[in-house]
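Residue-level structural notes
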Amino acid sequence: MAEENVYANVAALSTEQNEGLKDLRVPQKRSKVTVERVALVVLSVLLLAALPALVGVSVRRSCEDESGPMEKTTTAPVVQTCLNRTKLCGVNWIQEGFRCYYLSTTRTHVSWSTGRATCRDMGGDLVKIDSREEQAFLFQTLSVEDEWFWIGLTDSKAEGDWTWTDGSSLNQNLTFWTKERDDWNGSNDKYPEGEDCVLILPVKGKTVEKCWADLYCGLRYRFVCEKEATCNTTA
Ligand SMILES: [Ca+2]
Ligand SMILES: [Ca+2]
């Protein structure tokens, strides 16, 4: 009888223990699954968070790849390296294609050399007219001002040897003189040096084909600067 009770108790105990173990096992299974789920969720969140950064790096790389070779190619048009820039000339400059033009203000009337120095201080030089299109653009743009403007053409080094400020000689097929150059010395030899600097006269009575004149370089007029459009220009 006593032995039976002992067995019965043992049996009961083992059943309780088993059930207890079962109880223990179930939560263990649950917590394992939960930990895995949490880990998965955390990983997903981390991936999502990292996604914009990864995409950004990839976009930057592709931009660098695009701009890199172009910047090395000197013949590539300037604007191609400036695709994301909105200002290619800077404030107070007029943009036409890849070129920038600056008109001195209505209050600024100076000698040819002072005008040139001002242009150079701003990263340009007095305008050089390279084509009929550029001549037409200038004539039209300046005509609203109704004034005379110095351009970057001079024969101050050798009389009759007209040279642009970049050192190149004047193309005789691309001239727009309003009259013959006479290197006039002025009345009573007022200008002993003669007339060695060129003005564009985009005013009433002149035409786009005939609007250049040589004058004494020390006279005071407005002036036009020109420079190349660049990526580095800041407002
Ligand atoms: Ca030019
Ligand atoms: Ca002259």
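That block above? That's the structure.
Let us look at the structure shown here. Worth saying up front: this structure is predicted, and the values here are computed from it rather than measured. (Residues numbered from 1 in each chain as written. Chains lettered and ligands numbered in written order. Predicted model: local features only at pLDDT ≥ 70, side-chain atom pairs only at ≥ 80, totals over all residues. Heavy atoms only, no water.)

Okay, the coordination of the calcium ion (ligand 2) next. For the calcium ion (ligand 2), the full set of protein donor atoms is D155 (OD), D155 (OD), E159 (OE), E159 (OE), D183 (OD), E195 (O) and D196 (OD), at a range of 2.4 to 2.8 Å. Counting along the primary sequence, the residues that act as donors to the calcium ion (ligand 2) give the motif D-x3-E-x23-D-x11-E-D. Placement of the pair is D155 in the loop between β4 (149–154) and β5 (163–164) and D183 in the loop between β5 and β6 (197–200), with a sequence separation of 28 residues. Across the pair, D183 and D155 agree in class, each one buried. (Donors = N, O, S within 2.8 Å, 3.2 Å for Na, K, Ca; no water. Helix = DSSP H or I, 4+ residues; strand = E, 2+ residues; numbered from the N terminus. Buried < 20%, exposed > 50% of the residue type's maximum accessible area, 1.4 Å probe, protein only.)

Counting along an α-helix, one turn takes 3.6 residues, and residues three or four places apart therefore face a common direction. Spanning twelve residues, helix α3 (residues 132–143) covers 16 Å between terminal C-alpha atoms, matching the ideal 16 Å at 1.5 Å per step. Listing the buried residues of α3 in full gives E134, Q135, F137, L138, F139 and L142. For α3, the secondary structure elements touched by its buried residues are β1 (94–96), β2 (99–103), β4, β6, β7 (212–215) and β8 (222–228). (Expected span 1.5 Å × (residues − 1). Contact = heavy atoms within 4.5 Å.)

Within the first shell, the calcium ion (ligand 1) binds the protein through K128 (O), D130 (OD), E134 (OE), E134 (OE), E226 (OE) and E226 (OE), at distances of 2.1 to 2.6 Å. One can describe the site at the calcium ion (ligand 1) as irregular: its six donor atoms subtend angles covering 54 to 139° at the metal. (Tetrahedral: all angles 85-135°; square planar, octahedral: opposite > 155°, others 65-115°.)

With that settled, consider the nonpolar core. Ranked by internal contacts, the top residues of the largest apolar core, which has 22 residues, are L138, I151, L153, I200, W212 and V224. Where this core is concerned, the elements lending two or more residues are β2, α3, β4 and β6. Considering every element that reaches this core, the biggest residue donor is α3, with four residues. In contact with I151, not counting residues within four places along its chain, are W112, L126, V127, I129, W164, V198, I200 and W212. (Core = buried A, V, L, I, M, F, W, Y, C linked by side-chain atoms within 4.5 Å.)

Glancing now at the side chain of D155. Under the relative-accessibility criterion, D155 is labelled buried at 0%. When neighbours within four sequence positions are excluded, D155 is seen to be in contact with G160, D161, W162, E195 and D196.

It is worth stressing that arrangement in space is one thing and function is another; only the former is reported here.
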